[in-house]
Amino acid sequence: MASNAQGRKRGATPSRDRFRDGNVPNKRGVDDTDNLEVFCRMTPYSGSHPCLEIIDENTVRSTPPPSLNKRDGGTYQDRVYEFNHVFDESDTQQAVFQTSAIDLVQNLVRGKNSLLFTYGITGSGKTYTMTGKPTEQETGILPRTLDVLFNSIENKVDKCVFYPTGKNSYEIRSRVLANVERFKLAKQGQHNVNKDIEIRFNERARVDGYNDDYLCTVFVSYVEIYNNYAYDLLATEADGRTPKKRDIRQDTAAGQTFVENATEIEVSNADEALETFLKGEEMRRVGDTILNKDSSRSHSVFTIRLVMALYPTSSDLPYPEQDPTKIVVSQLSLVDLAGSERAKRTFNVGDRLAEAGNINKSLMVLRQCIEKLRKNQKHGSLVETVPYRDSKLTMLFKNYFDGSGKIRMIVCVNPKPDDYEENLNVLCFAEESQAVRVAVDSRKLPSPGAGINDANRPPVPRRFFSRWNYEVDTVLKNSDIVQMIKSPLTENFIIDDMYDEGTVEHLKEVYTRRKQENEINQRNMDYALDEFDLLLRNTLCVADFNALRVEELTREKEATERFISTLTAENKQIKREMNSMAIRLREYEIEDDNQVLMEHQLRQGRKKDQEKFRSNVEALKTLQDLCNVQSPSVAALAKNFGGHQDGNEKAAPGRGKVTTTTTRVHTQITMSGQRGRETEPREQKYGNAAKQEEGILANAVPYFNPKYGRRSKSATRVIDHQPANRVPTGTVMQPNMPHGAKRVTQPRTSDLRQASDYILTHQELDRRGNVATSILKYLDPTRRGTTAIHQYGFPVPGSSAVSVWDMYGHLLDRCEQASAIGEETSTDNMSDVFDTPSVKHEPALDQDKFNMRF
Ligand SMILES: Nc1ncnc2c1ncn2[C@@H]1O[C@H](COP(=O)(O)OP(=O)(O)OP(=O)(O)O)[C@@H](O)[C@H]1O
């Protein structure tokens, strides 16, 4: 037995409680009935929202597509279906054959009947499963079945020995008639072999169980049920295009339904059988529908019949006895049902619509038959008549349901959401079908009776030893050697007269002696012949056995070679993958190294930044400390102006947060509050820092142009205006003030009038929050139009400087106004000018001057 037939992983038969209707599960041999077996196959689907999902090798779950409601407005629920086995999308045609069909081939060679049919909605893969395509991966059940059958049967007789009567029976022709028929067949000539067959894949598996005591031959027939009529796909009407219509009859004697006069073609190998199938396929009605471009419009039934007869008991050339009652027929029907389809999905009209109607009707009758069978079996009596006769399809299947063979269904489903509702019907029906119990076909092949029994059976197939027997018996035993040995030895005797008694006596003696010798020789010869006969038969047996063994080993070798070549190919593939993985790995490693390097650099950069940040924070801290104490210049002024300082101090707090930078550090620092508290002398408070600042001031670049400096050397007319809230910056460039310059925090109008030079040290925040210090020199502030302004100090961004000029212009205006009315501008007022720079005023200098900033 083929390993797969016995050892295949068949789905566990559903347990008792798995069936909703409480049917007894499959228990072979207990009650001589068997459950109808159902296998489910899922079509590959790559779209979104598959409506079916495989849970395990026996279970499928259906899930409604999103937002699909029942016609009554209700919602669908998830449902689970259980089958003998479920094939997922990755299961190959080979796997499907091994699991669902190879044991049916074994049934066939053992003389039993089986029916295998595919069921499902249109486009679900029924034809693909049954027939497939010529490649190894896609060869379907039918071609594989034929291969396995011919790999497994022995003792095939020549063609035309058996012949079908057309009434579900066979007869045997005489040798002469068989020869005549063969001659006629040969005269019909060879036709071109179908291309698909030339390139097709051959299944090499075989099953055991063939009874060697039988001679056999194979017949195939192919019919379709179209629009509820049976058509013979192997015979056409006179037009050569329309298949012949046939009737379905019941053979009461054999208990079988059959297609009357269906053409049965005798085939001697799988290729011939397949050729016949393809010939019939050309006749089969297939149409192009929206849902399947090669949609089967009929139910097709391909029947393989194995016709067997016992070996003759005589040692004649192998030829069956001409006794039709000793013929045994087993059959396997492979049925590709047309798919159910909803008209509203296919938009079929005309013939297609009528076909669809008939397809759906026949499938509905099949369903009803199964339901009624189930009901009857449940009640244990004939509660309802099973409507087999309502459709040709069910009429043809009737004998299987009546127990003349095994029934198996492969239900094909496509998980696409559009098929959801139809799939529910299919799955429901398929699951419930499993509850139907069918009587087991318990027929046994009649034993050969007298003759060779298991004890004296040579270890080679019957066809071998039958041939030697015939050859040894009919050829060797009648050979000349035997005759020659048997011939008496002769001697020349001359008898002189009738009274020559001496010679006669001598002759008598010689003959008697020779007769005795001959008898001894004959006995010896017979003995030797028997010995030789035995030796010969044994030698022939051993030779045949060895030949078989060689054949088997050759097959194994070929299989091993194929396996090795597959492994080699896989090996190469794996090597290729490994190489590409190694390349990828190298790339990853390089990338990894780069990343490590980058990470290292980043870490270094971060470290540097942190160090820089730390040093900046320290610098800022120092700066903050400096800012948080009273400006030394303010301190100095406080000394000069006494009580004024407090007033100035009060004017400052409104500024709140000030961001300052002198060494390009952008950090916010708070300057509120502490300024007024500084009372210690600057040197005392800042020590070296203050001294350093002054040193820098002393050595700084002169702030004024010597050209102008020359004119003002003799007079002390310089007003050094340093507002009270100046932030000590410790900047490198510091102006060198002429000796005698009058430093004021709030200039009076009288000071300005008397002054020949006016120098303003102004501070403000630029857009980035840096403290920008500007030193402005203005000559003769009382006379407009003759001014010359120079700016020294730090770069000041353009826009932020406008406010300086605004303020300055404002100051001048105020001075002029004051002088015009003969009043002194109050210091408080002047202080306002500087402390509230929001006062808008046209600057007292032209745009060119303004552009002198850098
Ligand atoms: N398991 C599968 N793997 C790959 N292709 C498949 C599979 N099942 C079906 N197909 C493809 O789906 C298409 C429809 O399949 P098929 O003709 O077998 O459907 P069907 O059920 O016989 O339809 P209909 O009832 O209309 O005849 C075909 O092109 C077939 O090759």
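Since the model is a prediction, treat every value here as computed from it, not as a measurement. (Residues numbered from 1 in each chain as written. Predicted model: local features only at pLDDT ≥ 70, side-chain atom pairs only at ≥ 80, totals over all residues. Heavy atoms only, no water.)

### Details of the site of the ligand
Thinking step 1. Neighbouring residues of the ligand: 17 residues in total, closest Thr-122, Lys-126, Thr-127, Ser-295 and Ser-296.
Thinking step 2. Between the ligand and the protein, one listed contact pairs an oxygen atom with a backbone N or O atom of Gly-123 at 2.8 Å.
Thinking step 3. Ser-124 has a polar backbone atom sitting 3.1 Å from an oxygen atom of the ligand.
Thinking step 4. Isolated, the ligand exposes 630 Å² of accessible area, and the fraction of that covered by the protein chains is 78%.
Thinking step 5. Of all the secondary structure elements, the ones that give two or more residues to the shell around the ligand are α4 (126-130) and β17 (295-296).
Thinking step 6. Along the lines of polarity and charge, the residues of the shell around the ligand split into 3 nonpolar, 10 polar and 4 charged. (Near = heavy atom within 4 Å. Polar contact = N/O pair within 3.5 Å; in protein donor to acceptor, adjacent residues only side chain to side chain. Areas by Shrake-Rupley, 256 points an atom, 1.4 Å probe, with all protein chains shown as cover. Helix = DSSP H or I, 4+ residues; strand = E, 2+ residues; numbered from the N terminus. Nonpolar A, V, L, I, M, F, W, Y, C, P; charged D, E, K, R; others polar.)

### Concerning the pairing of strand β20 (residues 406-413)
Thinking step 1. Burial within β20 is extensive, with 8 of its 8 residues counted as buried.
Thinking step 2. Both strand β2 (residues 37-42) and β20 contribute to a ladder of 6 bridges, which runs parallel. Bridge pairing links Phe-39 to Ile-410 in β20.
Thinking step 3. In this structure, strand β7 (residues 114-120) lies alongside β20, joined through 7 bridges in parallel fashion. From the neighbouring strand, Thr-118 faces β20, where its bridge partner is Ile-410. (Buried < 20%, exposed > 50% of the residue type's maximum accessible area, 1.4 Å probe, protein only. Pairing = 2+ DSSP bridges.)

### What to know about the packing of aromatic side chains
Thinking step 1. What the rule picks out here adds up to 10 aromatic pairs.
Thinking step 2. Consider the rings of Tyr-76 and Tyr-420, whose centres lie 5.3 Å apart with planes at 85°: the pair is edge-to-face. With Tyr-76 in the loop between β4 (59-62) and β5 (79-82) and Tyr-420 in helix α12 (residues 420-433), this residue pair connects regions lying 344 residues apart in the sequence. The residues Tyr-76 and Tyr-420 share a single accessibility class, namely buried.
Thinking step 3. Consider the rings of Tyr-222 and Phe-277, whose centres lie 5.0 Å apart with planes at 35°: the pair is tilted. Here Phe-277 lies in helix α8 (residues 270-283) and Tyr-222 lies in strand β10 (residues 214-226), a separation of 55 residues in the sequence.
Thinking step 4. Ring-pair connections join several aromatic residues into one group, and the members of that group are Tyr-222, Phe-277 and Phe-302.
Thinking step 5. The aromatic ring of Tyr-229 is capped on one face by Lys-245, whose charged end is 3.9 Å from the ring centroid. (Phe/Tyr/Trp six-rings, centres within 6.5 Å; stacked < 30°, edge-to-face > 60°. Lys NZ or Arg CZ within 6 Å of the ring centre and 35° of its normal.)

### Quick look at helix α3 (residues 102-109)
Thinking step 1. Counting buried positions over the 8 residues of α3 gives 8, a clear majority of the element.
Thinking step 2. Along α3, the positions that sit buried rather than exposed are Ile-102, Asp-103, Leu-104, Val-105, Gln-106, Asn-107, Leu-108 and Val-109.
Thinking step 3. A positive backbone phi angle near 90° is found at Gly-111, which sits one or two residues after α3.

### Brief notes about the nonpolar core
Thinking step 1. By size, the foremost hydrophobic cluster in this structure holds 53 residues, and its most contacted members are Phe-83, Phe-117, Tyr-119, Phe-397, Phe-401, Met-409 and Val-411.
Thinking step 2. Of all the secondary structure elements, the ones that give two or more residues to this core are β2, β7, β10, α10 (350-379), α11 (392-404), β20 and α12.
Thinking step 3. Leave out the neighbours within four places in its chain, and Val-411 touches Val-38, Phe-39, Cys-40, Arg-41, Phe-83, Tyr-119, Val-426 and Ala-430.
Thinking step 4. Core analysis: the second largest hydrophobic core is formed by 47 residues, Leu-149, Phe-150, Ile-153 and Cys-412 among them. (Core = buried A, V, L, I, M, F, W, Y, C linked by side-chain atoms within 4.5 Å. Contact = heavy atoms within 4.5 Å.)

### Digging into the packing of α3 against helix α5 (residues 141-152)
Thinking step 1. Running from N to C, α3 and α5 cross one another at 40°; their axes reach a closest spacing of 10 Å. Considering their axes alone, α3 and α5 lie oblique with respect to each other. Considering only the axes of α3 and α5, their crossing is right-handed. Listed contacts from α5 to Ile-102, Val-105, Leu-108 and Val-109 of α3 are Thr-145, Val-148, Leu-149 and Ser-152.
Thinking step 2. Looking at side-chain class alone, the contact of α3 with α5 contains 6 nonpolar, 2 polar and no charged residues. (Axes fitted to C-alpha atoms, helices over the stretch in contact; angles between N-to-C directions. Parallel < 35°, antiparallel > 145°, perpendicular 65-115°, else oblique. Left-handed = near helix turned anticlockwise from the far one by under 90°.)

### Details of the sheet that holds strand β3 (residues 52-56)
Each strand in a sheet pairs with its neighbour through backbone hydrogen bonds, running either in the same direction (parallel) or in the opposite one (antiparallel).
Thinking step 1. On the basis of which strands lie adjacent, the open sheet formed by 3 strands has the order β3-β4-β5 and antiparallel pairing. Strand pairing shows two members of the sheet lacking a second neighbour, β3 and β5, which therefore form its edges. With strand direction ignored, the average angle separating the axes of adjacent strands in the sheet is 30°.
Thinking step 2. In terms of strand pairing, β4 meets β5 through 4 bridges, oriented antiparallel. If you follow Thr-59 over to β5, its bridge partner there is Glu-82.
Thinking step 3. Sitting on the sheet, α12 is in contact with β3, β4 and β5, with an inclination near 40° to β5.

### Side note on α8
Thinking step 1. Compared with the 20 Å implied by 1.5 Å per residue over 14 residues, the 20 Å span of α8 between its first and last C-alpha is a close match.
Thinking step 2. Among all positions of α8, only Ala-270, Ala-273, Leu-274, Glu-275, Thr-276, Phe-277, Leu-278 and Gly-280 are buried.
Thinking step 3. Among the structural elements, α5, α7 (195-198), β10, β11 (229-236), β15 (265-267) and β18 (299-310) are those in contact with the buried residues of α8.
Thinking step 4. One side-chain oxygen of the residue at the start of α8 lies 3.2 Å from the amide nitrogen of Asp-271, identifying that residue as Asn-269. (Expected span 1.5 Å × (residues − 1).)

### A few points about the pairing of β11
One face of the sheet, then the other: side chains in a regular strand alternate in exactly this way.
Thinking step 1. In terms of burial, β11 is a largely internal element, 6 of the 8 residues being buried.
Thinking step 2. Two elements, β10 and β11, share 4 bridges in a ladder whose sense is antiparallel. The residue of β11 that forms the bridge with Tyr-226 is Tyr-229.
Thinking step 3. Judged from the 4 bridges that link them, β11 and strand β12 (residues 243-246) form a sheet pairing that is antiparallel. In the strand pairing of β12, Asp-232 is matched with Lys-244.
Thinking step 4. Two successive antiparallel strands, β11 and β12, enclose a turn made up of 6 residues, where Gly-240 displays a positive phi of approximately 75°.

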